[in-house]
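# Reading the structure
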Amino acid sequence: VVVGSAIVDMYVKCGSLVIAQAVFHKLPMRNVVSWTALIVGYAEHGYSEKAIEYFERMQLEGISPNDHTFVCCLKACASIGEKEKGKAMHAMISREGRIEQNLLLGNALIDMYGKCGLLVKAQEVFDGLPTKDVISWNALIVGYAKHGHGEEALNCLGKMMHEGVSPNAFTYVSSLKACTSIGAIQKIRELHDEIIKKGLLERDVLVSNALIDMYGKSGSLVDARQVFDTVPFRDVVSWTALMDGYTRHLYPEEALNCFDHMKYEGFSPTVVTYICSLNACGMAQNIEKGCQIHADIEEKGILASDIEVGNAVIEMYIKCGLLTKAKEVLLKFPVRNSISWNAMIIGYVIQKDNAEALESFDEMQHDGVVPNAVTFAYVLKACGSIRAIDKGREVHAMIVQEGLLESHLILGNSLVYMYTKCGFFKEAQEVVNEICARDVASWTAMIAGYGEYDQAEEALKCFDVMTDDGMCPNVITY
């Protein structure tokens, strides 16, 4: 069994999971080491569901997991958000009193709960640990930062340093993300100073890239550029983070200059780099550069295998006003999703080619792609613009069937807009009455519709009902 387990472990570490599994099933005897070797292989190569499945099969065969098995399976649960199975593992660990004996288990539980969004549970496990190390603190900071609790993440950082635990590179990366989520630019600068004092900026590219990225996302582009120019080592992530900052804050030409310099320095763009550069081309309406990048993507075969890049190409052509070209690209995709079709529909509506928008909506359904709230909102706008009442009613029925009206106020308002544009005020009023959380936009759509059809008295009545309903008119209403 020792030799058999070693063979399974060897194949796992070489990435040959199929052979590892075949060897495992041929073993005449299996112990916890054999099972754990295979479970580790599945978890580390991204097959989390398989790892959890074998964890359960192992117990059915009467083999008790060891600490290493639990740590590995908790990581698998964290990676796919399998909180219920994670809770069950926690109960097993607690029954056997293992957390007090092995800090790795406690850290794995904090990590699992944090990544699954169960932050109260993560904090409970953390508070119950007899000892804590930098990994314990990092797991808690990551959980808070990931789920938008930036203040709590930074409070953890402060407590950690107060207790004499020195942050490492991973702590700083997670804390910088927390700063960005709450717009704490001054805190980013404070962390930047600490990072410089510890010499991490020059020797850890993950930290320098995080600084560039977070300064860029916060709009401090001068600081982002300064960090970028200061660090001795740059990689494609450094360039992409800087490009993203420029694009995000409407400096597309600077982003495209970065793209050219990056390629000149010999770095190959990643999928994220391509998406960012295509976004910049669309923003700058630089069709020549966009076509060059499109050709580069085609040549590398990325377009056929990555739908996100394909969608970015479509959006670039749409922003440049080349909707025919965008549609050509879309129809070449082996697989299309709602984002692909929504981009086309939105593009047609913005260009006031509403008939084409409705045709794309029909093609989307024929393609087997399910419309979402965004799709319906723009299709209703197209219906209203060309008075396509029959199509509008059909879409209304689909929205009701999907149960979307209760959870998406924008759809209620879009229906009101469509019915009033088509002159069907009775139906529009019925929709307004159905909307539980109607807002100023709901009433304004009614008022606008009456006004467009010269029904001034009805429009003013709507205004009175709206104010009696406690709604405060906005500029558009007036």
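Refer to the preceding data block for the structure.
Because the structure is predicted, anything quoted here is derived from the model rather than measured. (Residues numbered from 1 in each chain as written. Predicted model: local features only at pLDDT ≥ 70, side-chain atom pairs only at ≥ 80, totals over all residues. Heavy atoms only, no water.)

### Looking at the overall build of the protein chain
Helix and strand content of the protein chain: 29 helices and zero strands. Dimensions of the protein chain along its principal axes, counting C-alpha atoms only, are 85 × 55 × 50 Å. Within the protein chain, the proportion of its 478 residues that are buried is 49%. At a minimum sequence separation of 6, the contacts of the protein chain that also span at least 24 residues come to 59%. (Helix = DSSP H or I, 4+ residues; strand = E, 2+ residues; numbered from the N terminus. Buried < 20%, exposed > 50% of the residue type's maximum accessible area, 1.4 Å probe, protein only. Contact = heavy atoms within 4.5 Å.)

### Description of the environment of A255
Within the fold, A255 resides in helix α17 (residues 252–264). For the pair A255 and S208, spaced 47 residues apart in sequence, the C-alpha separation works out to 19 Å. Setting aside its immediate chain neighbours within four residues, A255 contacts M243, Y246, T247 and A280.

### Details of the pattern of salt bridges
Working definition: two side chains of opposite charge can pair if their charged atoms are close together. Taken as a whole and judged by the stated rule, the model has 28 salt bridges. Note that D296 and K263 form a salt bridge whose closest N and O atoms lie 3.3 Å from each other. Pair noted here: D296 is in helix α19 (residues 287–299) and K263 is in helix α17, with a separation of 33 residues, a long-range link. A relative accessible area of 15% places D296 in the buried class. Note on K263: relative accessible area 38%, which makes it partly exposed. Between E452 and R387 there is a salt bridge whose closest N-O contact spans 3.1 Å. Highlighted residues: E452 in helix α28 (residues 440–452) and R387 in the loop between α24 (373–385) and α25 (389–402), separated in sequence by 65 residues. Here the salt bridges share partners, and the residues they tie into one network are D213, K217, D244 and R248. (Salt bridge = Lys/Arg side-chain N within 4 Å of Asp/Glu carboxyl O.)

### Some thoughts on the packing of helix α2 (residues 17–26) against helix α3 (residues 32–44)
The contact between α2 and α3 brings their axes to 11 Å, and the two run at 160 degrees. Classed by the angle they form, the pair α2 and α3 counts as roughly antiparallel. Remark: the crossing between α2 and α3 carries left-handed chirality. Contact with α2, carried on its side by L17, A20, Q21 and F24, involves S34, W35, L38, G41 and Y42 of α3 and no other residues of that element. The residue inventory of the contact of α2 with α3, partitioned by class, reads six nonpolar, three polar and no charged. (Axes fitted to C-alpha atoms, helices over the stretch in contact; angles between N-to-C directions. Parallel < 35°, antiparallel > 145°, perpendicular 65-115°, else oblique. Left-handed = near helix turned anticlockwise from the far one by under 90°. Nonpolar A, V, L, I, M, F, W, Y, C, P; charged D, E, K, R; others polar.)

### Notes on the side chain of N342
Here N342 shows up in helix α22 (residues 338–350). Judged by relative accessible area, which is 8%, N342 ranks as buried. A distance of 3.2 Å separates a polar atom in the side chain of N342 from a polar atom in the side chain of N372. Here N342 is in contact with M364, N372, V374 and T375, once residues within four sequence places are set aside. (Polar contact = N/O pair within 3.5 Å; in protein donor to acceptor, adjacent residues only side chain to side chain.)

### Observations regarding the packing of helix α11 (residues 169–181) against helix α14 (residues 205–218)
Packing of α11 against α14 leaves a shortest axis separation of 9 Å and a crossing angle of 5 degrees. Between α11 and α14, the interaxial angle falls into the category roughly parallel. Across from A169, V173, L176, K177 and T180 in α11, the residues of α14 making contact are L206, V207, A210, L211, M214, K217 and S218. Of the residues in the contact of α11 with α14, the class split is eight nonpolar, two polar and two charged.

### Examining helix α20 (residues 307–319)
Taking 1.5 Å per residue, 13 residues should reach 18 Å; α20 reaches 18 Å between its end C-alpha atoms and fits that length. Considered for burial, the residues of α20 that qualify are V309, G310, N311, A312, V313, I314, M316, Y317 and I318. As for α20, its buried residues are in contact with α18 (271–284), α19, α21 (323–332) and α22. For α20, the capping residue at the N-terminal end is D306, with a side-chain oxygen 3.1 Å from the backbone nitrogen of E308. (Expected span 1.5 Å × (residues − 1).)

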